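Residue-level listing of the chains:
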Amino acid sequence: MIRINWKHAAVALAVLPFAALLFAWIGFFNVGASTGHWKITDWFLHFAMRSAVRTYALAVNEPERLPVEAIKPAAGHFARGCAICHGAPGEPRSPAAMNMLPRPPDLSYSVGEWQDAELFRIVKHGVRFTGMPAWPTQNRDDEVWAMVAFLRALPDLDVGSYRELAYGNAGAPELHTTSFGGAVAECGRCHGADGAGGGPATPLIAGQSEAYLAASMEAFAEGRRASGFMALPAAAVDAAEIDALAAHFAALPPQRHDAGQEVAQDRLERGERIARAGVAAAGVPACLGCHGADRNPLYPRIRGQRPDYLAQQLRLFRAGQRGGGPFSHLMTNAAKGLTDEDILDLAAYFATQDDPGR
Ligand code: HEC
Ligand code: HEC
Ligand code: HEC
């Protein structure tokens, strides 16, 4: 029988941390990535990562359905924020990424191993010690879900359909461009060259007020308006370029969203009533008091804007999660008393209106 000398064991245990510290201080531990992990370390790290993701995903509130209407901006973001490490259809992972430890997986093959809530957890919070970054803002779960919707679609995308989603019709603009035309093309990947592209979740920016466009870009770049999708492109341009881009898109002919589906008449009527008179009992002011024809140039044009986008922004204002220019607090107050139904009615109403004031 093995007899344990408890005294010796206790001394060994007390000394262990100092031995580990000495080992680390001398620098014997190989932190180089070139030789890879031992198989057992590799197994253990993956096991720990998968278990943590599985456990934390239990607390994730899943939406009823994935927001597939926002797949296009998610693809646009993937092309700049994720493909450099994970690759994409027709774009192999960069040599630098292939030498990372752990190596970022080709997601076309690995997403099938994860549940939606697990993907959400990974994309929102990132993975410590691996290089996998967190979402640029912790305030926009709707964008993270849009990315999950895109990841679900990814295994079925061929090169052509991926490029169409991520780059629009014009093809991939150069990554590091210094020309103004290059910057416009970069915006055009998601917003279209005419300022009216990007699918149901992307706002029309053609013909929007120049002052509002510039103020919004600054708000995105400085984090006063939270959006992972817009944080990257807004931070990539300098102040002078922001003004030039705002002038460029403001001068394009305004577009009205293509209604597409029929909207019930009573919804439009309710929306119009709130737009004109507000809801006194709930403290909701008349929208047209600020969004009418002769508005402050820092108040956006919302007539003719896409209904999905309008509704989502109203939900964000109501939740206190949408910032913006110097007057955005007025809008946060205006949205506080809105119900889910009010929001759908208002979005339907404003989307179907022509703007007389432009
Ligand atoms: C700087 C490199 C890098 C960037 C940029 C990056 N990732 Fe990762 N990602 C990684 C690494 C490394 C792992 C592997 C982590 C591990 O195995 O523990 C990973 C893991 C993942 C996983 C889990 C996949 C699996 O099978 O293990 C998903 C999903 C994922 N990333 C999505 C994204 C998305 C979406 C983006 C863009 C918003 C992104 N990543 C940006 C490096 C990156
Ligand atoms: C990856 C896709 C993508 C790219 C690239 C992109 N945008 Fe956006 N943009 C979006 C999305 C999505 C929104 C809505 C953001 C939100 O939900 O808050 C948006 C919002 C905006 C807004 C606010 C509009 C409003 O009505 O409040 C402006 C202004 C804007 N973008 C301008 C630009 C400019 C200029 C560029 C180029 C420098 C650009 N965007 C590049 C996707 C993109
Ligand atoms: C007191 C003035 C005021 C009132 C009243 C008001 N708004 Fe606004 N609204 C604003 C301002 C200012 C902004 C721009 C916030 C920013 O700087 O990003 C805005 C932004 C918005 C946006 C975002 C548009 C975009 O392109 O992102 C929507 C949607 C909107 N308002 C709808 C409404 C609705 C619906 C009502 C009525 C319930 C309403 N507003 C009442 C001032 C107002």
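Please refer to the structure higher up on the page.
Residues numbered from 1 in each chain as written. Chains lettered and ligands numbered in written order. Predicted model: local features only at pLDDT ≥ 70, side-chain atom pairs only at ≥ 80, totals over all residues. Heavy atoms only, no water.

Peer 1: Please clarify how the coordination of the iron atom of ligand 2 should be interpreted in this entry.
Peer 2: Under ideal tetrahedral coordination, the four donors around a metal are separated by 109.5 degrees; under ideal octahedral coordination, the six donors are separated by 90 or 180 degrees. In the first shell of the iron atom of ligand 2, the protein supplies His191 (NE2) and Met230 (SD), at 2.0 to 2.2 Å from the metal. Given six donor atoms and angles of 85 to 179 degrees at the metal, the environment of the iron atom of ligand 2 is assigned as octahedral. Of the two residues, His191 is situated in helix α10 (residues 180–191) and Met230 in helix α12 (residues 228–235); the sequence distance between them amounts to 39 residues. The exposure classification of His191 matches that of Met230, with both residues buried. (Donors = N, O, S within 2.8 Å, 3.2 Å for Na, K, Ca; no water. Tetrahedral: all angles 85-135°; square planar, octahedral: opposite > 155°, others 65-115°. Helix = DSSP H or I, 4+ residues; strand = E, 2+ residues; numbered from the N terminus. Buried < 20%, exposed > 50% of the residue type's maximum accessible area, 1.4 Å probe, protein only.)

Peer 1: Help me out: how do you make sense of the coordination of the iron atom of ligand 3 in this one?
Peer 2: At this site the iron atom of ligand 3 is bound by His291 (NE2) and Met331 (SD), with donor distances of 2.0 to 2.1 Å. Its six donor atoms give the iron atom of ligand 3 angles of 88 to 179 degrees at the centre, a pattern that matches the octahedral case. Here the residue His291 occupies a position in helix α15 (residues 288–291), and Met331 occupies one in helix α17 (residues 328–335), the gap between them amounting to 40 residues.

Peer 1: Mind showing me how you'd approach the site of ligand 1 here?
Peer 2: Neighbouring ligand 1 are 23 residues; Cys82, Cys85, His86, Ser110 and Met132 lie closest to it. Taking His86, its side chain carries an N or O atom lying 2.7 Å from a nitrogen atom of ligand 1. Contact between ligand 1 and Ser110: an oxygen atom at 2.9 Å from a side-chain N or O atom of the residue. Taken together, the elements giving at least two residues each to the shell around ligand 1 come down to α2 (39–57), α4 (83–86), α6 (107–110) and α7 (116–125). With three residues, α7 is the single largest residue contributor to the shell around ligand 1. Taken together, the residues that form the shell around ligand 1 break down as 17 nonpolar, six polar and no charged. (Near = heavy atom within 4 Å. Polar contact = N/O pair within 3.5 Å; in protein donor to acceptor, adjacent residues only side chain to side chain. Nonpolar A, V, L, I, M, F, W, Y, C, P; charged D, E, K, R; others polar.)

Peer 1: Would you mind showing me how to read a nonpolar patch on the surface here?
Peer 2: On the surface, Leu22, Phe23, Trp25, Ile26, Phe28, Phe29 and Val31 cluster together into a nonpolar patch covering about 890 Å² of accessible area. As for its position among the elements, Trp25 is in helix α1 (residues 6–26). The exposure class assigned to Trp25 is exposed, which follows from its relative accessible area of 72%. (Patch = residues over 30% accessible without salt bridge, like charges linked within 9 Å, V, L, I, M, F, W, Y side chains within 5 Å. Areas by Shrake-Rupley, 256 points an atom, 1.4 Å probe, with all protein chains shown as cover. Salt bridge = Lys/Arg side-chain N within 4 Å of Asp/Glu carboxyl O.)

Peer 1: Is there a simple way to think about the pattern of salt bridges in this case?
Peer 2: Should their charged atoms come close, side chains of opposite charge can pair. All told, the structure shown has 16 salt bridges when counted by the stated rule. With a shortest N-O distance of 3.3 Å, Arg65 and Glu69 are connected by a salt bridge. With its nearest N and O atoms 3.0 Å apart, the salt bridge here joins Arg189 to Glu186. Highlighted residues: Arg189 and Glu186, both in helix α10, separated by three residues, approximately one helical turn. Both residues of the pair, Arg189 and Glu186, belong to the buried class. Three or more residues joined by partner-sharing salt bridges are found here, namely Arg267, Arg270, Glu341, Asp342 and Asp345.

Peer 1: Please explain the environment of Phe44 as it appears in this structure.
Peer 2: Along the chain, Phe44 turns up in helix α2. Put simply, Phe44 and Ala240 are 196 residues apart on the chain and 50 Å apart in space, counted from C-alpha to C-alpha.

Peer 1: Sorry if this is basic, but what is going on with the site of ligand 2 here?
Peer 2: Ligand 2 sits among 23 residues. The nearest are Cys187, Cys190, His191, Tyr212 and Met230. Within the side chain of Tyr212, a nitrogen or oxygen atom sits 2.5 Å from an oxygen atom of ligand 2. Elements represented by at least two residues in the shell around ligand 2 include exactly α3 (71–81), α10, α11 (210–221), α12 and α16 (307–318). With five residues, the top contributor of residues to the shell around ligand 2 is α10. For the shell around ligand 2, a count of residues per class yields 14 nonpolar, five polar and four charged. Counting contributing residues, the shell around ligand 2 receives three or more from each of domain 1 (47–161) and domain 2 (180–251). (Domains from an automatic or database assignment.)

Peer 1: How do you make sense of helix α9 (residues 159–167) when you look at a structure like this?
Peer 2: Each α-helix winds once per 3.6 residues, and so residues spaced three or four apart point in a common direction. Residues Tyr162, Leu165, Ala166 and Tyr167 constitute the buried set of α9. The buried residues of α9 occupy an angular sector of 165 degrees when projected down its axis, which confines them to one face. Buried residues along α9 sit against α3, α4, α8 (141–153) and α10. Once α9 finishes, Gly168 follows within two positions and takes phi at roughly 75 degrees, a positive value. (Arc of directions from axis to C-beta. Contact = heavy atoms within 4.5 Å.)

Peer 1: Mind showing me how you'd approach the packing of aromatic side chains here?
Peer 2: The relative placement of two aromatic rings is captured by the distance of their centres and the angle of their planes. Summed over all chains, the structure comprises eight aromatic pairs. Each ring, one from Trp135 and one from Phe229, has its centre 5.8 Å from the other, and the planes form 80 degrees; the classification is edge-to-face. Here Trp135, found in the loop between α7 and α8, pairs with Phe229, found in helix α12; they are 94 residues apart in sequence, far enough to count as distant. For the pair Trp135 and Phe229, one class covers both residues: buried. (Phe/Tyr/Trp six-rings, centres within 6.5 Å; stacked < 30°, edge-to-face > 60°.)

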